[in-house]
Amino acid sequence: MASVVWRPVSLRFPNLFVAGAFQTTNRLKSDIGKINWEQTTSHGKYKGIENLPGPSLATTVYWLFGKGYSDKSHAMQVEHKKLYGPIWRSRFGPFEVVNVATADLIAQVIRQEGRYPVRTDMPHWKEYRDLRGQAYGLHVDTGPEWYRIRSVLNPKMLKLHEASAYAPVINKVVSDLLQRIYSLRQRSPDGTRVSNLTDELYRFGFEGISSILFETRLGCLDEEIPPDTQRFIQAVGEMLRLSEPVLFFPRWTRSFLPFWEKFVSSWDDLYDVAKRLIDKKVKEMSEKIEKGETVEGMYLTYLLSSKKLSLDEIYVSITELLLGGVDTTSNTMSWTLYHLARDQRVQDRLYQEITSVCPGLQVPTTDDLSKMPYLKAIIKEILRLYPVVPGNGRLTVENEVIVDDYWFPKKTQFHLCHYAASHDETEFPDPERFLPERWLRGGERYQHHPYSSIPFGVGVRACVGKRVAELEMYFALSRLMQHFEVQPEVGSGVLEPKTRTLMIPGGSINLHFVSRK
């Protein structure tokens, strides 16, 4: 059986600073071309985009490649904010991106986004869907159709009491993760070391979200991975890796560049495996109905039984939820364990909280989690330090927008600089410090703007899988702490993040998992 190299997916949905600038589709180009930014006059008492400071295209290219920010666009947010202020424009050829980098300005944009907000267009995803005659789904559909699909997906995911029903499934996956950690420790020379931790947590994240979405185990944490599961994960990684090159290069390059052909092939594999898993569930349900038996299940069963989405829409929706449901868990857990290993005070306090609620190795319940505020504060602080998506896009389709003293017409592309906002020292003193106490009620540093750290987004465009991701992280972290004390590798240096659409660890995380008993 071929081996699988497990690594965090470094390319996901192109909604960052650089990608967002180039992803305006041909359909929108004509609309944007009608706006001559340089000749836009002030709208009433407000200034226009021509009054905004910002780097030229040449300066931006220099920052990205000359100054080495090509994989550190999160850090470039902070530097540009220092140079140009909290709102500035960036140029990419004929296109303009308006960057907003404080909590208040981000809030102003989001509060004017309309009923059917658009992050950015996904023209290459739409082209693939058209090529194969598939439904569009959340990342291609817009307007009322997008809202209809979203309204069906939300209830069993975003409502806390509904998402809590997935706790037994998640805890079974966490049990397999623990077994995997024990197995890896035994293979190390000292019996405690686990190398490439992010790869292992990626396996956990993939298995966890798949178990909920497909209502079946895929074997991601098994010693020998099933061939279909291997194919599935390879297709996910390849499709996401190719997503940006396909978007950036014009269509006429497809005759001699391989990106589009491989992109289509990866989507075909991904869609085929997902479809077969869903069809298997459809068959099981039909057989039970024919026998007069009660049909029981969870998320997929709910979608299939509700009849609110077509089967084609379910194929696409489940696949897209999977794509967005792995990296949040794996990357955030990686950073969390990295910091706990380097901060004994925080780790000891967390362990004391967990054992006071769940003595010994008692498996936590969702009710138990509600009694662990420090556990939740740690995850919030990690997401503040390392937002999985350090910048998001908003394309103003429905409304003209006023931000601060500026007026912007429809079709303006905004970049919401979440990383810069969550590292703003006016909101978070000593912003580079790992300090979970910031998030405890009654703490001296508790007060901050509600939009200063919004890793899952807000409003109708908030992450559909937020509750599930949180449960996965809470259960996994609490149970890992019950079993192990994590320690850093001797001589390991400080690990810096990289941005490749997502914020990921810039190197391998190797830790020691020392048994507590």
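About the criteria used
Residues numbered from 1 in each chain as written. Predicted model: local features only at pLDDT ≥ 70, side-chain atom pairs only at ≥ 80, totals over all residues. Heavy atoms only, no water. Helix = DSSP H or I, 4+ residues; strand = E, 2+ residues; numbered from the N terminus. Rg over C-alpha atoms; globule rule 2.2 N^0.38 Å. Buried < 20%, exposed > 50% of the residue type's maximum accessible area, 1.4 Å probe, protein only. Contact = heavy atoms within 4.5 Å. Pairing = 2+ DSSP bridges. Salt bridge = Lys/Arg side-chain N within 4 Å of Asp/Glu carboxyl O. Core = buried A, V, L, I, M, F, W, Y, C linked by side-chain atoms within 4.5 Å. Polar contact = N/O pair within 3.5 Å; in protein donor to acceptor, adjacent residues only side chain to side chain. Patch = residues over 30% accessible without salt bridge, like charges linked within 9 Å, V, L, I, M, F, W, Y side chains within 5 Å. Areas by Shrake-Rupley, 256 points an atom, 1.4 Å probe, with all protein chains shown as cover. Phe/Tyr/Trp six-rings, centres within 6.5 Å; stacked < 30°, edge-to-face > 60°. Lys NZ or Arg CZ within 6 Å of the ring centre and 35° of its normal.

A few words now on the overall build of the chain. When its secondary structure is counted, the chain shows 21 helices and eleven strands. Relative to its length of 517 residues, the chain is compact, with a C-alpha radius of gyration of 23 Å against a globular reference of 24 Å. Taking the principal axes of the C-alpha coordinates as reference, the chain spans close to 70 × 60 × 45 Å. Classification of the 517 residues of the chain by burial places 56% in the buried group. In the chain, 76% of the contacts between residues at least 6 apart in sequence involve partners at least 24 apart.

With that out of the way, let us pick up the sheet that holds strand β8 (residues 484-488). Spatially, three strands are ordered β3-β11-β8 in an open sheet, and the strand pairing comes out antiparallel. Of all the strands in the sheet, just β3 (193-194) and β8 have a single pairing partner and so form its edges. Relative to strand β11 (residues 511-515), β3 runs antiparallel, the two sharing two bridges. By the bridge assignment, valine 194 is partnered in β11 with leucine 511.

Turning our attention to the side chain of glutamate 113. Structurally, glutamate 113 is set in the loop between α5 (103-110) and α6 (123-132). Setting aside residues no more than four positions away along its own chain, glutamate 113 makes contact with Arg394, Glu398 and Asn399.

Attention now moves to the pairing of strand β7 (residues 413-416). Burial along β7 is two-sided: the face carrying Gln413 and His415 and the face carrying Phe414 and Leu416 are both buried. Taken together, the four bridges between strand β4 (residues 392-395) and β7 define a ladder with antiparallel strand orientation. Pairing of asparagine 392 across the sheet is with leucine 416, part of β7.

Attention now goes to the pattern of salt bridges. With the rule as written, the count across this model stands at 32 salt bridges. Arginine 148 is the salt-bridge partner of glutamate 145, the closest N and O atoms lying 2.8 Å from each other. A residue pair is termed a helical-turn pair when its members lie 3 or 4 positions apart in one helix, as glutamate 145 and arginine 148 do in helix α7 (residues 143-153) at three residues. You can call arginine 148 partly exposed: its relative accessible area is 29%.

Core analysis: the largest hydrophobic core is formed by 118 residues, its most contacted members being Phe206, Phe232, Tyr299, Leu337, Leu477 and Phe513. Sequence-distant contacts of tyrosine 299, that is, excluding residues within four places in its chain, are made with Leu153, Lys156, Met157, Tyr166, Ile212, Leu213, Glu215, Ile318 and Leu321. Ile87, Ile110, Val401 and Tyr451 belong to the second largest nonpolar core, which has 20 residues in total.

The subject of this paragraph is the pairing of strand β10 (residues 502-505). Here four bridges tie strand β9 (residues 497-500) to β10, and the two strands are oriented antiparallel to one another. Bridging from a neighbouring strand, proline 497 pairs with proline 505 of β10. Between the antiparallel neighbours β9 and β10 lie one residue, among them threonine 501 with a positive phi of about 75°.

Okay, the side chain of serine 478 next. For serine 478, the position within the fold is in helix α21 (residues 466-483). Owing to a relative accessible area of 0%, serine 478 belongs among the buried residues under this scheme. A polar contact is formed between the side chain of serine 478 and the backbone oxygen of tyrosine 474, at a distance of 2.8 Å.

Once that is clear, we can look at a nonpolar patch on the surface. A cluster of nonpolar side chains, Leu57, Val61 and Phe65, forms an exposed patch at the surface whose accessible area comes to about 290 Å². Within the fold, valine 61 resides in helix α3 (residues 57-66).

For helix α14 (residues 299-306), the tally of buried residues reaches six of eight residues, placing the bulk of the element in the interior. Those residues of α14 not exposed but buried are Tyr299, Leu300, Thr301, Tyr302, Leu303 and Leu304. On its buried face, α14 is in contact with α7, α8 (155-158), α11 (197-213), α13 (259-290) and α15 (311-324).

What follows covers unusual backbone geometry. In the Ramachandran plot, asparagine 196 falls in the positive-phi region, its phi being about 50° despite a non-glycine side chain. Unlike most non-glycine residues, glutamate 215 shows phi in positive territory, near 55°. Residue placement: glutamate 215 occurs in the loop between α11 and α12 (227-248).

To describe a pair of aromatic rings, you give the distance between the ring centres and the angle between the ring planes. Within this structure, the stated rule accounts for 19 aromatic pairs. Arranged with centres 5.2 Å apart and planes meeting at 85°, the rings of phenylalanine 408 and phenylalanine 414 form a pair that is edge-to-face. Take phenylalanine 414: its relative accessible area is 1%, and that puts it in the buried class. A connected cluster of aromatic rings, assembled from ring pairs, spans Tyr202, Phe206, Phe214 and Phe232. The ring of phenylalanine 428 has arginine 384 lying over it, and the distance from NZ or CZ to the ring centre is 4.9 Å.

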